[in-house]
Amino acid sequence: MVKIKRLIGMVLAAVCMSASMVVASGSAAADTNCGSGVNDVFLANVREATATAGGRTVTVKLVNQRVSDHSFARITLNYRSGDLTWVDRSYDGGRNWTQCGPFNRAYSNDLSNLNNWMRACARFNGHSFCTGWYRDTD
C-alpha cells in the first residue's frame, strides 16, 4: 500500500511539473511576439498624453523609430518604480487592437508600426491613460 501511494505521488508530481512547463512555454511565446527592446536611433515623438491622478502628473509619449518603423511607449515626465507602460496596435483604426505589455518600467517593448495604428499607454496611481492613435505610412 505504501508503494502504491508513493507511486501515485510521483505520478502527480510529474503531471504538475509538465503542466507548469506548458504554462511557462506559453508565456515565453507571448513575450517573443510582443516586440523587442528599444533602439534609441532616429527617434521622433509622434503622440503625447498627460494625466494627473492622486496629485501626481505623468506624461507618456508614443515614440517612432524612423529607421526601423517601430514604435514604443515612454514615460517622459515623473516616472516612478511601479508605473506601467505598453503599446496598443490596431489594423482597423482603433476599433480592435492587441496590447503589448504592460511593462514595469519607463518604456515598453517596440512593435512594427508600418501601416498599423499605434498608441502609447501608461498606468500610475491606479489610473490608466493613452495617447491618441497614430498611423505610420512611410
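Residues numbered from 1 in each chain as written. Predicted model: local features only at pLDDT ≥ 70, side-chain atom pairs only at ≥ 80, totals over all residues. Heavy atoms only, no water.

### Concerning the pattern of salt bridges
Let me state the cut-off plainly: Whenever Lys or Arg places a side-chain nitrogen within 4 Å of a carboxyl oxygen from Asp or Glu, that contact is recorded as a salt bridge. Helical segments are the DSSP runs of H or I of at least four residues, strand segments are the runs of E of at least two, and each set is numbered from the N terminus.
Within the structure shown, the criterion is met by 3 salt bridges. Across the pair E48 and K61 runs a salt bridge, and its minimum N-O distance is 3.4 Å. On the criterion of sequence distance, the pair formed by E48 in strand β1 (residues 43-53) and K61 in strand β2 (residues 56-65) is long-range, its members being 13 residues apart.

### Re the confidence of the model for the chain
Which entries qualify depends on this criterion: Confidence of the prediction at every residue is given by pLDDT, a number between 0 and 100. Contact definition: two residues touch when any of their heavy atoms are within 4.5 Å.
Residues at a pLDDT of 70 or more form 70% of the chain, whose mean pLDDT is 74. Every residue in residues 1-32 scores below 50 in pLDDT, and together they form 0 contacts with partners more than four places removed in sequence or on other chains.

### Concerning the nonpolar core
Under the convention used in this document: Think of a nonpolar core as a cluster: buried Ala, Val, Leu, Ile, Met, Phe, Trp, Tyr and Cys residues, connected wherever their side-chain atoms sit within 4.5 Å. Only protein chains enter the accessibility calculation, which uses a 1.4 Å probe; a residue is then buried when its area is under 20% of its type maximum, exposed when over 50%, and partly exposed in between.
If you look at the biggest cluster of nonpolar residues, it comprises 20 residues, and the most contacted ones within it are V60, L62, V87, C100, F124 and F129. Residue assignment for this core shows that the elements contributing at least two residues are β1, β2, β3 (70-77), β5 (98-103) and β7 (117-124).

### Considering the environment of R74
Mapped onto the secondary structure, R74 falls in strand β3. In this structure, the C-alpha to C-alpha distance between R74 and E48, residues 26 residues apart in sequence, is 9.6 Å.

### As for the side chain of Q65
Applied cut-off: Any pair of nitrogen or oxygen atoms within 3.5 Å is treated as a polar contact; in protein, a donor-acceptor pairing is required on top of that, and neighbouring residues in sequence qualify only through side-chain atoms on both sides.
Looking at the element boundaries, Q65 is found in strand β2. You can call Q65 buried: its relative accessible area is 2%. Engagement of the side chain of Q65 in a polar contact is seen with the side chain of D110, the distance being 3.0 Å.

### Observations concerning the sheet that holds β1
We apply this condition: Whether two strands pair depends on DSSP finding at least two bridges between them.
The strand order across the open sheet formed by 4 strands is β1-β2-β3-β6, and the pairing between neighbours is antiparallel. In the strand order of this sheet, the two ends are held by β1 and β6 (111-112), each with one partner. Both β3 and β6 contribute to a ladder of 2 bridges, which runs antiparallel. Across the sheet, S71 pairs through a bridge with L111, a residue of β6.

### Description of the environment of W117
Its location among the elements puts W117 in strand β7. On the basis of relative accessibility, which here comes to 27%, the residue W117 falls in the partly exposed class. In sequence terms W117 and R89 are 28 residues apart; their C-alpha atoms lie 5.6 Å from each other. With near-sequence residues (within four places) excluded, W117 lies in contact with D88, R89, S90, Y91, D92, G93, W133, Y134 and R135.

### Examining the pairing of β3
Of the strand pairs in this sheet, β2 and β3 are connected by 7 bridges, and their pairing is antiparallel. Of the residues in β3, the one forming a bridge with V63 is F72. Taking the residues that link successive antiparallel strands as the turn, the β2-β3 hairpin has 4 residues, and the phi of D69 there is positive, at about 55 degrees.

### Looking at the state of the cysteines
In protein chemistry, a disulfide is the covalent bond that joins the sulfur atoms of two cysteines. Short version of the rule: Criterion for a disulfide: a pair of cysteine sulfur atoms within 2.5 Å.
Summed over all chains, the structure comprises 1 disulfide. Between the sulfur of C121 and that of C130 lies a disulfide, 2.1 Å long from S to S. Where C121 bonds to C130 through sulfur, the torsion about that S-S bond is close to 105 degrees, and the disulfide is right-handed. Judged by relative accessible area, C121 falls into the buried class, the value being 0%.

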